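Examining the three-dimensional arrangement
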Amino acid sequence: MSAVKQCGFALLLLAGLACAHVGSPDVFFQGKAGPYPLLVAIRPPDVIPGVARIEVRVLGGEVSKVELTPTPMTGEGAKHPPVADLAEPSASDPKYYQGALWLMRYGAWEVRIHVSGAAGEGELRVPVPALALKTQPMQQGMSYFLLGMMVFLAVGLVSIVGASMREAKVEPGVVVRGWPAKTVVKMAVAAAIIVGALWFGKSWWADDAKSYSRNLYKPLSLTGSLSSAGLEVQLKDPGWMELRKLDDLVPDHGHLMHLFLIRWPQLDYVFHLHPEQRATGVFDTSLPSLPAGTYRLYGDIVHETGLAETAVGEIALPVTTGTPLEGDDAGGATPTATDSFALASGYRMVMRVPGPVKARLVNNFAFAILGPDGKEAALEPYMGMGGHAEFVKEDGSVFAHVHPTGSVSMASVAVASPEAMMAMHQAEVGPEVSFPYGVPTPGRYRIFVQMRRGGRVETGAFGLSVTP
Ligand SMILES: [Cu+2]
């Protein structure tokens, strides 16, 4: 197996821990429930059915009650929500609420957050994918305990049968000696029936485990090849439930696919392209000029159910003299900066992060573009958003595409509630743009940030160390 193939294989395994993003299952969302701005973190379970943890921070207004309701995003279940759960306010911080909800089935879910307070009521719907990411093995202690119980009960049952055959019809006080042949036969029959019942139970259990593992989430993969148009990428479905189709994609920010090319392992060139779909699951894009190397491909897509996925692949590209980037396509060289990235235009992109970044905790990653005079430059929306940021772990185990509204794809929001989506489209942005996100694991990351200024999309790159 070649190094590239091995790497691709490892990549797929890592992607197996993913859902909408790669290796970053938690959902972060900033939005308004009526008059109340909220920052929501949802930590979905990795087994289904399972419990999702929900954290709500009230960013403004007097709030007296926060209620949580999980429903599937589409279909009959969406019309008949269960009774809402009350979120618990934190004793130390009255603006912080916590709750836990059961997600019962696979697929695209949403959590409806209903807020009551001094300014009336409001609701925010946060899409959350419910995917089985692993099988929970039984704890060893528990399996020994259950095995012991099974042996004890089986032996007990056989001896009860034996005792009742041998002694039930005997007068009190009479001692029975030896084991009559009839008793031994009955005990053997009882033992055979018990072994048969256990065998049946074992195969039932195995069958159930098999059907669960069939439902384990298997990410889409992406294969790339050079074509006359430039680059062709194709979505490959490893086969995962009837839930997934490839002919049901909906546009996100006006594009069916957001494709990121990252030169690997240097991470020193990044391109954000928008291939056009030519046939079901087959996309074409022109390529910009780029240096030779291995490029990782991350294709963000959204299904009409609201389920967002990132398909992962890899391609070796030769030195390419391509077409200039235009429209929403952007990218370029990304030498890593710590907090100030020099742009080709002579401007600088700066990162402002309060304090050290800890894994899983929500942080506000803020960025601005400074002119040669050191003043903050005016920004324009880029695909309806103040900016787009990709958090990429240097070992390849994490890829997350984040917006000022958080880590939820806007097309998923649109499926949950079109009005909410419209409200989130940003007509005016900046001069500082911030991204709420909780980095999933400790380690070294790069953040690639894209913002538009003076009619051009600028790409900056920043290194980030995340502590446990
Ligand atoms: Cu984006």
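A quick note: this is a predicted structure, and the numbers were derived from the prediction, not measured. (Residues numbered from 1 in each chain as written. Predicted model: local features only at pLDDT ≥ 70, side-chain atom pairs only at ≥ 80, totals over all residues.)

1. Thoughts on the overall build of the protein chain
Just so we agree on the cut-off: Only runs of H or I of at least four residues qualify as helices and only runs of E of at least two qualify as strands under DSSP, and these elements are numbered from the N terminus. Contacts are defined on C-beta atoms placed from the backbone: any two residues whose C-beta positions lie within 7 Å are in contact.
What the protein chain contains, in helices and strands, is six helices and 27 strands. Long-range contacts, defined here as pairs at least 24 residues apart, represent 68% of the contacts in the protein chain between residues at least 6 apart.

2. Focus on the packing of helix α3 (residues 140–167) against helix α4 (residues 181–215)
Definition in use: Think of each axis as a best-fit line through the C-alpha atoms, taken over the contacting stretch in the case of a helix, with angles from 0 to 180 degrees between the N-to-C directions. By definition in this entry, angles of less than 35 degrees are roughly parallel, angles greater than 145 are roughly antiparallel, angles of 65 to 115 are roughly perpendicular, and the rest are oblique. Two helices that cross are described as forming a left-handed crossing if the nearer one is turned anticlockwise from the farther one by less than a right angle, and a right-handed crossing if clockwise. Three categories are distinguished: nonpolar for Ala, Val, Leu, Ile, Met, Phe, Trp, Tyr, Cys and Pro, charged for Asp, Glu, Lys and Arg, and polar for the others, with Gly belonging to the last.
Relative orientation of the contacting elements α3 and α4 amounts to 150°, with a least axis distance of 9 Å. One element, α3, and the other, α4, form an angle in the roughly antiparallel class. Crossing of α3 over α4 shows right-handed handedness. Packed against α3, whose contacting residues are Ala154, Leu157, Val158, Val161, Gly162, Met165 and Arg166, the element α4 presents Lys182, Thr183, Lys186, Met187, Ala190, Ala191 and Ile194 at the interface. Class assignment of the residues belonging to the contact of α3 with α4 gives a composition of nine nonpolar, two polar and three charged.

3. Focus: unusual backbone geometry
Convention followed: With C-beta atoms placed from the backbone, a residue is labelled by how many other C-beta atoms lie within 10 Å of its own: buried for 20 or more, exposed for 12 or fewer, partly exposed between the two.
Ile48 connects to Pro49 through a cis peptide bond whose omega is 0°. Turning to its location among the elements, Pro49 is positioned in the loop between β2 (36–43) and β3 (50–58). The step from Trp264 to Pro265 runs through a cis peptide bond, and the omega angle for that step is 5°. Within the secondary structure layout, Pro265 lies in the loop between β12 (258–264) and β13 (269–273). You will see that Arg360, though not glycine, has its phi angle at about 75°, which is positive. Looking at the secondary structure, you find Arg360 in the loop between β21 (357–358) and β22 (362–370). Here Arg360 falls in the partly exposed class, since 14 other C-beta atoms lie within 10 Å of it.

4. A closer look at the environment of Thr294
As for its position among the elements, Thr294 is in strand β16 (residues 293–302). Between the C-alpha atoms of Thr294 and Gly75, which are 219 residues apart in sequence, the distance is 42 Å.

5. Some words on the sheet that holds strand β8 (residues 107–117)
Convention followed: The pairing criterion is simple: DSSP has to find at least two bridges between the two strands.
The four strands are arranged β5-β4-β8-β9 in an open sheet whose pairing can be described as antiparallel. If you trace the sheet from one side to the other, it starts and ends with β5 (85–86) and β9 (120–130), each paired once. Sheet analysis places β8 next to β9, joined by eleven bridges and oriented antiparallel. By the bridge assignment for β9, His114 is matched with Glu123.

6. A look at α3
This is how the line gets drawn: Expected span of a helix: the number of residues minus one, times 1.5 Å.
The terminal C-alpha atoms of α3, which comprises 28 residues, lie 40 Å apart, in line with the 40 Å expected from a rise of 1.5 Å per residue. Of all 28 residues making up α3, only zero are buried, and the element is barely covered by its neighbours.

7. A closer look at α4
Residue pairs spaced three or four apart in an α-helix point in one direction, given the helix's 3.6 residues per turn. If you check α4, its first and last C-alpha atoms are 52 Å apart, about what 35 residues at 1.5 Å a residue would give, namely 51 Å. In terms of residue burial, α4 counts as a barely covered element, since only one of its 35 residues are buried.

8. Things to note about the sheet that holds strand β26 (residues 443–453)
Taken together, five strands build an open sheet; the order of strands is β21-β27-β26-β23-β24 and the sheet is mixed. What marks the edges here is a single partner per strand, and that holds for β21 and β24 (399–402).

9. Quick notes on the confidence of the model for the protein chain
For clarity, the cut-off: What pLDDT reports is the predictor's confidence in each residue, on a scale of 0 through 100.
In the predicted model, the protein chain carries a mean pLDDT of 86, and the fraction of residues at 70 or more is 92%. When pLDDT is averaged over each element of the protein chain, strand β20 (residues 348–352) comes out on top at 96 and helix α1 (residues 3–15) at the bottom at 34.

10. Concerning the nonpolar core
Our working definition: As used throughout, a nonpolar core is a set of buried Ala, Val, Leu, Ile, Met, Phe, Trp, Tyr and Cys residues joined through C-beta atoms within 7 Å of each other. By convention here, the domain bounds are inherited from an automatic or database domain assignment.
By size, the foremost hydrophobic cluster in this structure holds 106 residues, and its most contacted members are Ile42, Val56, Ile113, Val126, Phe391 and Ile447. Composition of this core by domain shows at least three residues from each of domain 1 (26–130) and domain 3 (221–467). If sequence neighbours within four positions are ignored, Val126 has contacts with Val27, Phe29, Val40, Ile42, Glu110, Val111, Ile113 and Val408.

11. Re the environment of Val185
Among the structural elements, Val185 can be located in helix α4. You can call Val185 exposed: it has 11 C-beta atoms within 10 Å. Each C-alpha atom, one on Val185 and one on Leu157, is 15 Å from the other, the two residues being 28 residues apart in sequence.

12. Observations concerning the pairing of strand β27 (residues 456–467)
Here β21 runs beside β27; their pairing, made up of two bridges, is parallel. Across the sheet, Val357 pairs through a bridge with Val466, a residue of β27. Where β26 and β27 come together, eleven bridges link them in antiparallel fashion. When the sheet's bridge partners are listed, Arg453 is paired in β27 with Arg456. From the end of β26 to the start of β27, which pair antiparallel, there are two residues, and Gly454 there has a positive phi angle of about 55°.

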